[in-house]
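# Structural characterization, general
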2 protein chains.
Amino acid sequence: MLYMNTRSFVFVSRRTILRWSRSRLDSECTLELDASSYPSQKSVCIRKRGFNTNQRQPNSRTTRTFATMSCDKLFNGNKDRFNGVTVDSTQEPCDTSTFPDILKGSLDKWRDTGIRGVWFKVALADSTWVPVLAQNGFRFHHAQPSYVMMVCWLPSNEVCNIPQYASTMVGVGAIVMNERRQILVVSEKYKLFPHWKLPGGYVEPGEEIVNAAEREVLEETSVRAKFKQMVCFRHVHNFTFGCSDMYFIVALTPEPGQEVLKKCDREIDAVEWMTVEEYLNHPHVHSTNRFFVKKFLEYEASGISLSYFEDTHPILKKPYLVYSLDLGPHTPAEKQNNIPSQSNKL
Amino acid sequence: MLYMNTRSFVFVSRRTILRWSRSRLDSECTLELDASSYPSQKSVCIRKRGFNTNQRQPNSRTTRTFATMSCDKLFNGNKDRFNGVTVDSTQEPCDTSTFPDILKGSLDKWRDTGIRGVWFKVALADSTWVPVLAQNGFRFHHAQPSYVMMVCWLPSNEVCNIPQYASTMVGVGAIVMNERRQILVVSEKYKLFPHWKLPGGYVEPGEEIVNAAEREVLEETSVRAKFKQMVCFRHVHNFTFGCSDMYFIVALTPEPGQEVLKKCDREIDAVEWMTVEEYLNHPHVHSTNRFFVKKFLEYEASGISLSYFEDTHPILKKPYLVYSLDLGPHTPAEKQNNIPSQSNKL
């Protein structure tokens, strides 16, 4: 099969594609592909038949070898529903020496077939691809420890609509209050100043906020405690790594017999049960943390809380949590508004 | 100055450092550095004095040239408070040919001076550095369109405690209800199925959720509307780019005279004011969106809402928003709990 477009000839044989730039052929000439040596020798002679440019003898039917091209395959990639394609370097390995040619051929093919976004997921071990991709118009999109994702938007007549990668980090702090109305507080090992904090830390990728709160409290203080309610959250920008940061405050109830404290030596310098009154008046407590604890006491007094339920996305079939106010007996809203009665479970 | 450690000799002259592996010298020999040609020639001869290994004549005092090393400077980088160092390729340019030697010398220096995390911020134009860094134990940490950040944890006796980069994307949907109790709904251009959605989209890096809601409504429908309250949020994992996703629902009040709708042609197929009753019973409305609107109506009826205030971090002096319940007259919590009276403004 000889595949042609405005820029190049592409000869496809079995799983192999040869690309040849149209601009490098005279219009009077005929392209001949001698694939007799393929695939054993991994190369194909391309001959031009027509003018012998040295002798100026038209129609001399001289055939001379014009070039020998390597004939490695082009990248396939995985197509997505946005008409994009993703190549994973671990799925389609390629030598550094042949990568530039195969990339160029693949880009030509994708341009001609209307592909929009081209993604290369380059494993750390294949990082010699990175400078070649950069030279071919790719930019970085995101990275994980073991790979970097690069992207190139092909359409020249359409604005790139690829969303930016995540830029928000999520952390959690826990208000753990026992039956004696003491709350669990920690002092961190690596601190800039003395400070009694709420135990907590970063939510791990894929982890629920409530589970992260329970895990961090257990890790830092050895106290097992269960989710009671969400209290509030703080949103700040240009934080760690220049990211935005959401810090959720969650109230937990300790399980019975969890009074003995054992701190995490790696992170924590001291851990204590402290009375609410002492905490709210302690000179080494931030005003923000004081606010969080006061808010929690307000919620307790009102009987209103911010909680969550589990559900599944109706189309994508992914499980998720929805956090909202549980107004309890305070709001007969459906009756007041004549809304058809439906369970909150969607 | 001759600087020594267990692995190498490092000769420091002005801003230039020569590194020489101890393992490549015989213990009987003496290292001589002839820096007479430096800095004009950018290279220094290193001579070994001692045994002439060919002639086996001990103490012959033969001096022969052992090697000629290039003597480019090492990287300085910027130190951080965690005893890490960050090199920015745009701040300390380096040729591809000399990068491997300078990197190795710099890593030796940093190991010997107790540096923990070494970061390289590599601009797209300098991406030939990437494979060299990968070969020297660096892994990817994160990337933005114009750079990739690579990191190497040097201490062998301490667990790496570098936090992962952001993995949460934040979006917003808006419930905009006018005085006739109609809500603003849109149908997207690129949809998998017919669906009346709430207008909205991704929160931009550094943007506040409430501002994103107002911006997206204006962009998609041409309606100017102002924040009224937060309703709830959905948290789902393994979503776009494998990230977690938080989708906040915010209620907005349209400004007077904002009844005329003009859709964003690039993204939106149709936009309408639809009565609440029709929306809640429409077959092309997700159960989740129905829940969001019902929740909003509950909040309206109860007089309780989830809102925010602005403040500044007491230590880092960064502005932030805190989102919490505004219990209004429902909760005289401070009096009930005998908490010292303090303003909620921290």
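Residue positions within a chain follow its written sequence, with the count starting from 1. Each chain gets a letter, beginning with A, and each ligand a number, beginning with 1, in the order they are written. For this predicted model, a pLDDT threshold of at least 70 governs which residues receive local features, and a threshold of 80 or more governs which side-chain atom pairs are given and counted, while totals over whole chains, interfaces and linings are taken from all residues. With hydrogens and water stripped out, all remaining heavy atoms of the structure feed into the side-chain values.

UniProt positions are given in the numbering used here, feature names are shortened, and annotations may be inferred rather than shown by experiment. If you open the UniProt record of chain A and go to Sequence similarities (unreviewed entry), you find "Belongs to the Nudix hydrolase family."

### Regarding the relation of the copies chain A and chain B
Each copy is superposed on the other by least squares, with the fit set by C-alpha atoms of residues at a pLDDT of at least 70 in both. Superposition record for chain A on chain B: RMSD 0.0 Å, screw rotation 180°, translation along axis 0.0 Å. Given the turn and translation reported, the copies of this chain are related as if by a two-fold rotation axis. Here, residues are in contact when the closest pair of their heavy atoms is within 4.5 Å. The share of interface residues of chain A whose copies in chain B are also at the interface is 100%, consistent with both copies meeting through the same surface.

### Quick word on the confidence of the model for chain A
All names here are of chain A. Per residue, pLDDT captures the predictor's confidence, and it can take any value from 0 to 100. Chain-level pLDDT for chain A is 79 on average; 73% of the residues reach the 70-or-more range. Every residue in residues 1-18 is under pLDDT 50, and counting partners more than four places away or in other chains gives 57 contacts. The model gives residues 330-346 a pLDDT under 50, and that stretch makes 41 contacts with residues more than four places away or in other chains. Under the prediction, the complex receives an ipTM of 0.75, its pTM being 0.75.

### Brief notes about the environment of A:W119
The secondary structure listing takes helices from DSSP runs of H or I that are at least 4 residues long and strands from runs of E that are at least 2 residues long, numbered from the N terminus. With respect to the secondary-structure elements, A:W119 resides in strand β9 (residues 117-123). Whether a residue is buried, partly exposed or exposed follows from its accessible area with a 1.4 Å probe, protein chains only, as a fraction of its type maximum: under 20%, in between, or over 50%, in that order. Exposure remark for A:W119: the relative accessible area of 9% places this residue in the buried category. For the pair A:W119 and A:F138, spaced 19 residues apart in the sequence, the C-alpha separation amounts to 8.6 Å. Among residues more than four places away in sequence, those in contact with A:W119 are A:D80, A:V85, A:T86, A:V87, A:H141, A:M149, A:M150, A:V151, A:I162 and B:F241.

### A closer look at the interface of chain A and chain B
Opposite the 99 residues of chain A that make contact, chain B presents 100 residues. As used here, buried area is the combined drop in accessible area, with a 1.4 Å probe, of two parts when they are placed together. In terms of surface lost to chain B, no three residues of chain A exceed A:F140, A:F233 and A:F241, which account for 8% of the buried area on that side. N or O atoms closer than or at 3.5 Å make up a polar contact, with two conditions inside protein: a donor-capable atom paired with an acceptor-capable one, and, for residues adjacent in sequence, both atoms drawn from side chains. Inspection of the chain A/chain B interface yields 19 residue pairs in polar contact (both at pLDDT 80 or more). Top contributing element to the side of chain A that touches chain B by residue count: helix α5 (residues 287-302) of chain A, with 12 residues. Amino acid classes used here: Ala, Val, Leu, Ile, Met, Phe, Trp, Tyr, Cys and Pro are nonpolar; Asp, Glu, Lys and Arg are charged; the rest, including Gly, are polar. Classifying every residue of the side of chain A that touches chain B gives 58 nonpolar, 28 polar and 13 charged. Taken together, the 5 bridges between strand β19 (residues 319-326) of chain A and strand β15 (residues 225-236) of chain B define a ladder with antiparallel strand orientation. Note that in β15(B) the partner of A:L321 across the bridge is B:H235. The pairing criterion for strands is at least two bridges between them, as found by DSSP.

### Description of the environment of B:I102
Residue and element names in this part refer to chain B. Topologically, I102 is positioned in helix α1 (residues 99-112). We classify I102 as buried; its relative accessible area is 8%. Taking the C-alpha atoms as reference points, I102 and L154, separated by 52 residues in sequence, lie 17 Å from one another.

### Focus on the pattern of salt bridges
Residue and element names in this part refer to chain A. Basic side-chain nitrogens of Lys or Arg form a salt bridge, by our definition, when they fall within 4 Å of a carboxyl oxygen of Asp or Glu. According to the stated counting rule, one finds 22 salt bridges over all chains in the structure shown. With a closest N to O distance of 2.4 Å, R116 and E158 form a salt bridge. Of the two residues, R116 sits in the loop between α1 (99-112) and β9 while E158 sits in the loop between β11 (147-153) and β12 (168-176), which places them 42 residues apart along the sequence. With a relative accessible area of 15%, R116 lands in the buried category. A salt bridge links E300 to R181; its shortest N-O distance comes to 3.4 Å. Linking E300 in helix α5 with R181 in the loop between β12 and β13 (182-188), this pair joins segments that are 119 residues apart in sequence. The exposure class assigned to R181 is partly exposed, which follows from its relative accessible area of 36%. Salt bridges here are not isolated pairs; linked through shared partners, they connect E204, E207, R215, E216 and E219.

### Some points on the sheet that holds strand β9 (residues 117-123) of chain B
Residues and elements named next belong to chain B. The strand order across the open sheet formed by 5 strands is β7-β8-β9-β11-β10, and the pairing between neighbours is mixed. Two strands lie at the open edges of the sheet, namely β7 (78-79) and β10 (139-144), each paired on one side alone. Pairing of β9 with strand β11 (residues 147-153) involves 7 bridges; the strand directions are antiparallel. Residue F120 lies in a different strand from β11, and its bridge partner there is M150. Along the sheet face, α1 touches β8 (85-88) and β9 and points at about 155° away from the line of β9. Under this scheme, a helix contributes an axis fitted over its contacting stretch, all axes are lines through C-alpha atoms, and angles between N-to-C directions fall in the 0 to 180 degree range.

### Considerations on helix α3 (residues 209-221) of chain A
Residue and element names in this part refer to chain A. Take the number of residues in a helix, subtract one, and multiply by 1.5 Å to get its expected span. Taking 1.5 Å per residue, 13 residues should reach 18 Å; α3 reaches 18 Å between its end C-alpha atoms and fits that length. Of all 13 residues in α3, 10 are buried, a share of seventy percent or more. Taken together, the buried positions of α3 are occupied by I209, V210, A212, A213, E214, R215, E216, V217, E220 and T221. S222 sits one or two residues past α3 and shows a positive phi near 70°.

### A closer look at the pairing of β11(B)
Across a regular strand the side chains alternate sides, sitting on one face of the sheet and then on the other. Residues and elements named next belong to chain B. Burial within β11 is extensive, with 7 of its 7 residues counted as buried. Covered by surrounding structure in β11 are Y147, M149, V151 and W153 together with V148, M150 and C152, the residues of both alternating faces. Bridge analysis of β10 against β11 gives 5 bridges, and the strand direction is antiparallel. Its bridge partner lying in β11, R139 is registered against V151. Turn length for the β10-β11 hairpin, with the two strands adjacent in sequence and antiparallel, is 2 residues.

### Examining unusual backbone geometry
Residues and elements named next belong to chain B. Positive phi outside glycine occurs at S222, with the angle close to 70°. On the secondary structure map, S222 appears in the loop between α3 (209-221) and β15. Within the chain, N238 stands out as a residue other than glycine whose phi angle is a positive 55°. Relative to the helices and strands, N238 resides in the loop between β15 and β16 (244-254).

### Comments concerning the sheet that holds strand β8 (residues 85-88) of chain A
Each strand in a sheet pairs with its neighbour through backbone hydrogen bonds, running either in the same direction (parallel) or in the opposite one (antiparallel). Residues and elements named next belong to chain A. The 5 strands lie next to each other as β7-β8-β9-β11-β10, forming an open sheet whose pairing is mixed. Looking at which strands have only one partner, the edges of the open sheet turn out to be β7 (78-79) and β10 (139-144). Note: β8 against β9, 4 bridges, orientation parallel. Following the sheet pairing, V85 is matched in β9 by V118. Across the sheet, α1 is in contact with β8 and β9; its angle to β9 comes to roughly 155°.

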